[in-house]
2 protein chains.
Amino acid sequence: MLFFTQCFGAVLDLIHLRFQHYKAKRVFSAAGQLVCVVNPTHSLKYAPTRCTAAQASTEQGTLPPCHHHEAVHDPQLVPCTCPLFSCPWEGHLEVVVSHLRQTHRINILQGAEIVFLATDMHLPAPTDWIIMHSCLGHQFLLVLRKQEKYEGHPQFFATMMLIGTPTQANNFTYRLELNRNQRRLKWEATPRSILECVDSVISDGDCLVLNTSLAQLFSDNGSLAIGIAITTSKVHSSEAEV
Amino acid sequence: MLFFTQCFGAVLDLIHLRFQHYKAKRVFSAAGQLVCVVNPTHSLKYAPTRCTAAQASTEQGTLPPCHHHEAVHDPQLVPCTCPLFSCPWEGHLEVVVSHLRQTHRINILQGAEIVFLATDMHLPAPTDWIIMHSCLGHQFLLVLRKQEKYEGHPQFFATMMLIGTPTQANNFTYRLELNRNQRRLKWEATPRSILECVDSVISDGDCLVLNTSLAQLFSDNGSLAIGIAITTSKVHSSEAEV
């Protein structure tokens, strides 16, 4: 009996996913972009002390030791960069991607331009929508977070981090674009390195920030589609012209 | 003696304005855009009842009577649309521009693309930076407002309103662009009609919204440069392709 119930649940999930995917394709397929449906995860990790420590040591030029492993001082090791869970893992930067895929089940997508379709935007904060994006020979982590910076007023924060060093990150520009209801919002910036800690990027507000009312204007039936493009970096035109 | 003090004050003001203008030109002159230095005005008008009444009557298809003139019911008359002052004036839509220029000293600029340079961004909320923009045979009102929606957390709201009817407004698209520190933020939308009341557009959050931290990232020495462009409306590309 339990088996049949589980099967039925799985079929329902598949139908739901198919419906979400169809909805996204309807909006974006003409542009020939890959649409990825991203389901929310209730964030379980809010450990500011760890981030502060990580950031301080990154600024000093050493890689941050994980607070679960105070005794380990190998500067080649980085802690788990998953924004969702406080995870005791640490390892070399080159294996962070496989750790995130295997342990935290974060999907990875290929392609220069993709559409990130975050579902169930109404869920209460704190909630994260996360995906990895493989492009131009590197992997990026896209994080959309619903968080209450001011109590009772949830906001959405979206940023892209390179799974690499800050020097490597400076070679790229990422663009996030929302387009609906005759409104368009574009954010372009240099990605931060995953070593800089996504929590501090979001608390600094140095990312795409949406109030609930704007998020609703850009949403379609509770889902928010964000167009993502990554290019190799060039100085922004009007700054270059100075 | 008073005369000399005033003369000295005027000369200092001129030097300050010249310096601001030079600063803006340094950033934007290469693009051949007209730079307009806009000084802040501490907002004296917060009268939500008037706006609610105005909006309700606009939705019903009649033009809003001003609350200072309850007895007047001429549907051809509109109240003063100045976002800064509670002004008892009312008149025909065609003379709103000259009223705003003459009575409220709001500057008007010509050109398809201009740069709005708001000075003294650090001033406490509520503060408004306002200018009129003449383009494509119509006049637009650009409002940048610093306001505390959540106490202790000021935000910046920027929107463009057509000094015309909602039907006329649907023929245009406006773009606001911030570009500094390797970050770029663009907002594109259909302007609202001045009859819809700027206060409600801002309280709905249907405009470009900046947290203080983002505003600081885009500011240069306390001034925020916003590139403005107005075009005749076309359906946004990805929506048209559906």
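Computed from a prediction, not measured in an experiment: that's the story for all the values here.

Novice: Can you tell me about the UniProt feature "domain: Seven-in-absentia protein TRAF-like" (unreviewed entry) in chain A, naming the residues and giving the values?
Specialist: Per the UniProt annotation, the sites labelled "domain: Seven-in-absentia protein TRAF-like" (unreviewed entry) are residues 134-228 of chain A. Its end C-alpha atoms 12 Å apart, residues 134-228 of chain A is made of 19% helix and 58% strand.

Novice: Got a sec to walk through the pattern of salt bridges? Specific residues and values, please.
Specialist: This structure, assessed with the given rule, holds 16 salt bridges over all chains. Here Glu177(B) ties to Arg184(B) by a salt bridge, and the two come within 3.6 Å at their closest N and O atoms. The closest approach of N and O atoms between Asp220(B) and Arg180(B), which form a salt bridge, is 3.7 Å. Within this pair, whereas Asp220(B) is found in strand β14 (residues 219-220), its partner Arg180(B) is found in strand β10 (residues 172-180), the two being separated by 40 residues in sequence. The class for Arg180(B) is partly exposed, based on a relative accessible area of 26%. One salt-bridge network, held together by shared partners, links Arg183(A), Arg192(B), Glu196(B) and Asp206(B).

Novice: Residues and numbers for the pairing of strand β9 (residues 153-162) of chain A, please.
Specialist: Along any regular strand, the residues point their side chains to alternate faces of the sheet. Residue and element names in this part refer to chain A. Extensive coverage of β9 is indicated by the burial of nine of its 10 residues. Relative to β9, strand β8 (residues 138-150) is paired through nine bridges, and the arrangement is antiparallel. By the bridge assignment for β9, Lys146 is matched with Phe156. Where β8 folds back on β9, the antiparallel hairpin that results is connected by two residues, among which Gly152 adopts a positive phi of roughly 85 degrees.

Conventions used here
- Residues numbered from 1 in each chain as written.
- Chains lettered and ligands numbered in written order.
- Predicted model: local features only at pLDDT ≥ 70, side-chain atom pairs only at ≥ 80, totals over all residues.
- Heavy atoms only, no water.
- UniProt positions renumbered as here; feature names shortened; annotations may be inferred.
- Helix = DSSP H or I, 4+ residues; strand = E, 2+ residues; numbered from the N terminus.
- Salt bridge = Lys/Arg side-chain N within 4 Å of Asp/Glu carboxyl O.
- Buried < 20%, exposed > 50% of the residue type's maximum accessible area, 1.4 Å probe, protein only.
- Pairing = 2+ DSSP bridges.

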